[in-house]
Protein chains: 2
Amino acid sequence: MNTLEHRLADFCNHCRTQGFPLTPQRLAIFRAVLASVEHPTAEDIYQSIKPQMPSLSLGTVYRTLEWLAQERFISRVHAPDSPIRFDANRTPHHHLVCVSCHRVADIEDPALDELPIAPERLQGFTVTGHHVQIFGVCPACQKR
Amino acid sequence: MNTLEHRLADFCNHCRTQGFPLTPQRLAIFRAVLASVEHPTAEDIYQSIKPQMPSLSLGTVYRTLEWLAQERFISRVHAPDSPIRFDANRTPHHHLVCVSCHRVADIEDPALDELPIAPERLQGFTVTGHHVQIFGVCPACQKR
DNA sequence: GTTATTGCAAACATTTTGCACCAGC
DNA sequence: GCTGGTGCAAAATGTTTGCAATAAC
């Protein structure tokens, strides 16, 4: 199971055991990434939390997102013509990127997780992972 | 054939027939992208041309690279933790990205050009293309 | 009480833009 | 000569950082 509650409990545990102070800002920021179906930018996260926590600063959001990525609770999504986005989905997946509105959707397909790459083409690189971006026009943009 | 001379002639032709003034700046910038084996950033291009053309401005480099991409003579490469890079390679290919030094190498493999994506997973997106990024450590960084 | 985090503002890196001047056609 | 390109400097954008005040433990 991977419910929101489970993920949050995991996170609190990690902070406690690793000696990272569990601040309301961290909790709110991780919650916001977990809750978002889109892939929010730092600014998106900031705007979504600001109403309930007016003292929050954008710098803290950047620092915390960076730290969450380092601790492997979220990952960064780099798409063209867009600031860095964040993603709490930890199951292996790839991305559908709308070339019109720059929306990013997750795509899960085991066929994409194991690519048949010929080793002799790797030019001596030690591979640590890969990521597929599929470009296209999303349903909403097709209607325009 | 796709020699440098051929690509340049193509480019000059395109400008002539499409009514785009063929300026020394445009020629120098396209030449620089063609000549580079790495995937240069705007700043890289600027620095490489500056000695022979001291009047060149960075703004022109950005404007020209953007225009070259629009006219499909080059493409943009978006890699994590790096400014936008440019690529004159027009044969279908993908990228090897070094997670240590952020170098980007081309990888050509027909297996990557036609991915077996199940249509029902596309969530209504109209697909226009895709791109594979393979992350790893390049030979130079492995030795450190 | 100690230590790490936060808020704030300034700095930074990259890219875009407005405008007067200049060059290609 | 007209049209669009260039150089320059300023602005915009996205992100990072230094530091004093503050909150978690």
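Residues numbered from 1 in each chain as written. Chains lettered and ligands numbered in written order. Predicted model: local features only at pLDDT ≥ 70, side-chain atom pairs only at ≥ 80, totals over all residues. Heavy atoms only, no water.

Peer 1: Even after reading the chapter, I still don't get the domain arrangement of chain A, so can you show me in this structure?
Peer 2: A common way to state how big an interface is: give the accessible area lost once the parts meet. Once the domains are mapped, chain A shows domain 1 (3–77) and domain 2 (91–143). Using C-alpha coordinates to define each centre, domain 1 of chain A is positioned 25 Å away from domain 2 of chain A. (Domains from an automatic or database assignment.)

Peer 1: I keep staring at the relation of the copies chain B and chain A and nothing clicks. Help me out?
Peer 2: The second copy of the chain is related to the first by a rotation about an axis and a shift along the axis. Taken as rigid bodies, chain B and chain A are interconverted by a rotation of 180° and an axial shift of 0.0 Å, the fit giving an RMSD of 0.1 Å. Overall, the copies show the geometry of a two-fold rotation axis. Proximity to the rotation axis, assessed at the C-alpha, singles out Val132(B) in chain B; its C-alpha lies 2.3 Å from the axis. When the interface residues of chain B are mapped onto chain A, 100% of them are again interface residues, pointing to one common binding face. (Least-squares fit on C-alpha atoms with pLDDT ≥ 70 in both. Contact = heavy atoms within 4.5 Å.)

Peer 1: Honestly, the interface of chain B and chain A in this entry has me stumped. Any pointers?
Peer 2: On the side of chain A, 41 residues touch chain B, which itself brings 41 residues to the contact. Summed over both partners, the interface of chain B with chain A buries about 3200 Å², with 61% contributed by carbon and sulfur atoms. Linking chain B with chain A are four salt bridges. With a shortest N-O distance of 3.4 Å, Asp109(B) and Arg121(A) are connected by a salt bridge. Here chain B is connected to chain A by 20 residue pairs in polar contact (both at pLDDT 80 or more). Every element with two or more residues in the side of chain B that touches chain A is listed here: strand 3 (94–98), strand 4 (104–107), helix 5 (110–113), strand 5 (126–137) and helix 6 (139–142) of chain B. For the side of chain B that touches chain A, the element with the most residues is strand 5 of chain B, which contributes 12 residues. Of the residues in the side of chain B that touches chain A, the class split is 23 nonpolar, 11 polar and seven charged. As defined by bridge partners, strand 5 (residues 126–137) of chain A adjoins strand 5 of chain B across 11 bridges and the pair is classed as antiparallel. Looking at the pairing, Phe135(A) lines up with Gly129(B) of strand 5 of chain B. (Buried area = accessible area lost by both parts, 1.4 Å probe. Salt bridge = Lys/Arg side-chain N within 4 Å of Asp/Glu carboxyl O. Polar contact = N/O pair within 3.5 Å; in protein donor to acceptor, adjacent residues only side chain to side chain. Helix = DSSP H or I, 4+ residues; strand = E, 2+ residues; numbered from the N terminus. Nonpolar A, V, L, I, M, F, W, Y, C, P; charged D, E, K, R; others polar. Pairing = 2+ DSSP bridges.)

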